[in-house]
Structures are given as C-alpha cells and as structure tokens.
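# A structural walkthrough
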Amino acid sequence: MANHFDAVIIGGGAAGLLCAGFAARRGMRVAVLEKNGRPARKVRITGKGRCNVTNNCDNNDFIRAVRGNGRFLYSAIAAFSTADTMAFFEGLGVPLKTERGNRVFPVSDQATDIVDALVGFAKDGGAKIFTGQAAKEVLAENGQVTGVLLESGEVIPCTRAVIATGGKSYPL
Ligand SMILES: Cc1cc2nc3c(=O)[nH]c(=O)nc-3n(C[C@H](O)[C@H](O)[C@H](O)COP(=O)(O)OP(=O)(O)OC[C@H]3O[C@@H](n4cnc5c(N)ncnc54)[C@H](O)[C@@H]3O)c2cc1C
C-alpha cells in the first residue's frame, strides 16, 4: 500500500467515501483507510435498514428542522443542497421516494443500495479503499502533512489527510 497519495481519507463512512470520490475526480490519487472489514457499516443500519437519505424540502426548512442551532450547516448545504443529494444518488442509479414528513428513502427500501452507490462513487472515481486498516496518527513536518501512521506501524506517505472518522454513536 505504501505508494504516495495526494490525499488519505481516514474513515470509510458516508463522509469519507463522498470526499474520496470528489477528490479523485479532481485528479488526486486518493486512499481511504477503513478500520472495519467493510466500508460504511453504520450506513447499513440507518433508517432501520432503509436509510433516510435526506429530507425533500428547501434548505431553510431543512436547517429549521435541525435540533439546536442548525445555522452551522448553512455553508455546507448551500454548496450541496438536499436537492443535490437526491440528484446525486439518482444519478448513481438509486431511485428515491418521498414518504411522510418529506423523508426520502431508496425505492428499494435497502440501505445497502446507498452503501453500494457511495462505494462505487469512490472507486469509479479512482480512489482506493483499504479495509481493516486503522489510522493511528497523522504525521506532519513543519506544518505540512507527510503521511498517516497505521496501527500496524506502516506509514502511508501523503500530502493531505482528511479525518472522517464519524461521531460517537454506534462506535463499532
Ligand atoms: C441507528 C442509527 C440510525 C441512523 N439513521 C440515519 C438515517 O436514517 N439517515 C441519516 O442521514 N443518518 C442516520 N444516522 C446517522 C448516520 O449514520 C451518520 O450521520 C453517518 O453515518 C455519519 O457518517 P460519517 O462518515 O461522518 O461517519 P461514520 O458513518 O461513523 O463513518 C466513520 C468511519 O470511520 C471509521 N474509522 C473510525 N476511526 C478510524 C480510524 N482510526 N482509522 C480508520 N477508520 C476509522 C469507522 O469504522 C467508520 O466506518 C443513523 C445513525 C444511527 C446510529
């Protein structure tokens, strides 16, 4: 694995896979490091196995519905709206449907279709996904990222590292 990568994405969840796919399409050599045996395990259980992909509403309604102060989402959602999210998955061949409360699910009711779409987006763009690889440390010299140290002791040389290791819910 010890090639040099332009970007190493730590975490092969929804965020890491999307990031990897977009970075690879911008011409970067990208590696995704996922500590589990397969990527996006958490997405497989979302929405009780159906994955509530997004909400079919405009950006302001979306932000108003976020518990607490949702305003931190403005810049992200202005760049990639709920409509963009729906177009993205439908463009990858996952038809969607809108249910009660404007909740959006795959027509198949299978969260695995969303996982397959995310993994395919990353891989088809040229990103390499390495499973069973836990990152331990981002290495840097003089403020410049030089690599990612794995729990195994191997170092993956790179010029950028993205930490997309998710939140604390469902840590497995
Ligand atoms: C029961 C449940 C139901 C949910 N339902 C929905 C829903 O219907 N719709 C919805 O939008 N959201 C839902 N969510 C929330 C959704 O799962 C998260 O928002 C989403 O998974 C976050 O994606 P992520 O990529 O940021 O993090 P994660 O999905 O947590 O991915 C992070 C990845 O990083 C890996 N990782 C962590 N540390 C390291 C390391 N050191 N080295 C290498 N890899 C590492 C992890 O193994 C993991 O695969 C649900 C969550 C739960 C728990």
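Our structure's up above, just so we're on the same page.
Residues numbered from 1 in each chain as written. Predicted model: local features only at pLDDT ≥ 70, side-chain atom pairs only at ≥ 80, totals over all residues. Heavy atoms only, no water.

## Remarks on the layout of surface pockets
Taken as a whole, the largest pocket holds about 1,500 Å³ of empty space. Looking at the largest pocket, it is lined by 49 residues, and the ones nearest its centre are G13, A14, A15, V43 and G166. For the lining of the largest pocket, the secondary structure elements donating two or more residues are α1 (14-25), β2 (30-34), α2 (41-45), β3 (54-55), α4 (74-79), α5 (82-91) and α6 (111-125). For the lining of the largest pocket, the domains that each give at least three residues are domain 1 (1-42 + 111-172) and domain 2 (52-109). (1 Å grid on protein atoms, 1.4 Å probe; cavity = no way out; pocket = protein on both sides within 12 Å on 5 of 7 lines; lining within 4 Å. Points joined across faces, edges and corners; volume = space filled by probe spheres on them. Helix = DSSP H or I, 4+ residues; strand = E, 2+ residues; numbered from the N terminus. Domains from an automatic or database assignment.)

## Observations concerning the pattern of salt bridges
According to the stated counting rule, one finds six salt bridges in the structure shown. The closest approach of N and O atoms between R64 and D61, which form a salt bridge, is 2.6 Å. Note that R64 and D61 are positioned in helix α3 (residues 59-64) at a spacing of three residues, about one turn of the helix. Take R64: its relative accessible area is 62%, and that puts it in the exposed class. (Salt bridge = Lys/Arg side-chain N within 4 Å of Asp/Glu carboxyl O. Buried < 20%, exposed > 50% of the residue type's maximum accessible area, 1.4 Å probe, protein only.)

## What about the packing of α1 against α6?
Packing of α1 against α6 brings their axes to within 8 Å, and their N-to-C directions diverge by 25°. As summarised for this structure, α1 and α6 are arranged roughly parallel, according to the angle between their axes. Like other packed secondary-structure pairs, α1 and α6 cross with a definite hand, here left-handed. Packed against α1, whose contacting residues are A14, L17, L18, A20, G21, F22, A24 and R25, the element α6 presents L118, V119, F121, A122, D124 and G125 at the interface. (Axes fitted to C-alpha atoms, helices over the stretch in contact; angles between N-to-C directions. Parallel < 35°, antiparallel > 145°, perpendicular 65-115°, else oblique. Left-handed = near helix turned anticlockwise from the far one by under 90°. Contact = heavy atoms within 4.5 Å.)

## Examining the site of the ligand
Contacts to the ligand come from 23 residues, most closely from A15, E34, G47, N52 and A135. A15 is positioned such that a nitrogen or oxygen atom in its backbone is 2.9 Å from an oxygen atom of the ligand. When the free accessible area of the ligand is taken as 1,000 Å², the share hidden by the protein chains comes to 68%. The pocket occupied by the ligand, as judged from atoms lying within 2 Å of grid points, is the largest pocket. If you list the elements that add at least two residues to the shell around the ligand, you get α1, β2 and α2. (Near = heavy atom within 4 Å. Polar contact = N/O pair within 3.5 Å; in protein donor to acceptor, adjacent residues only side chain to side chain. Areas by Shrake-Rupley, 256 points an atom, 1.4 Å probe, with all protein chains shown as cover. Sits in = over half its atoms within 2 Å of the grid points.)

## Let's talk about the side chain of T82
Structurally, the position occupied by T82 is in helix α5. By relative accessible area, T82 is classed as buried at 4%. A distance of 2.7 Å separates a polar side-chain atom of T82 from the backbone oxygen of C57. Every residue in contact with T82, bar those within four places of it in the chain, is listed here: T54, N55, C57, N59, F62 and I77.

Read these as layout, nothing more, since geometry by itself doesn't imply function.
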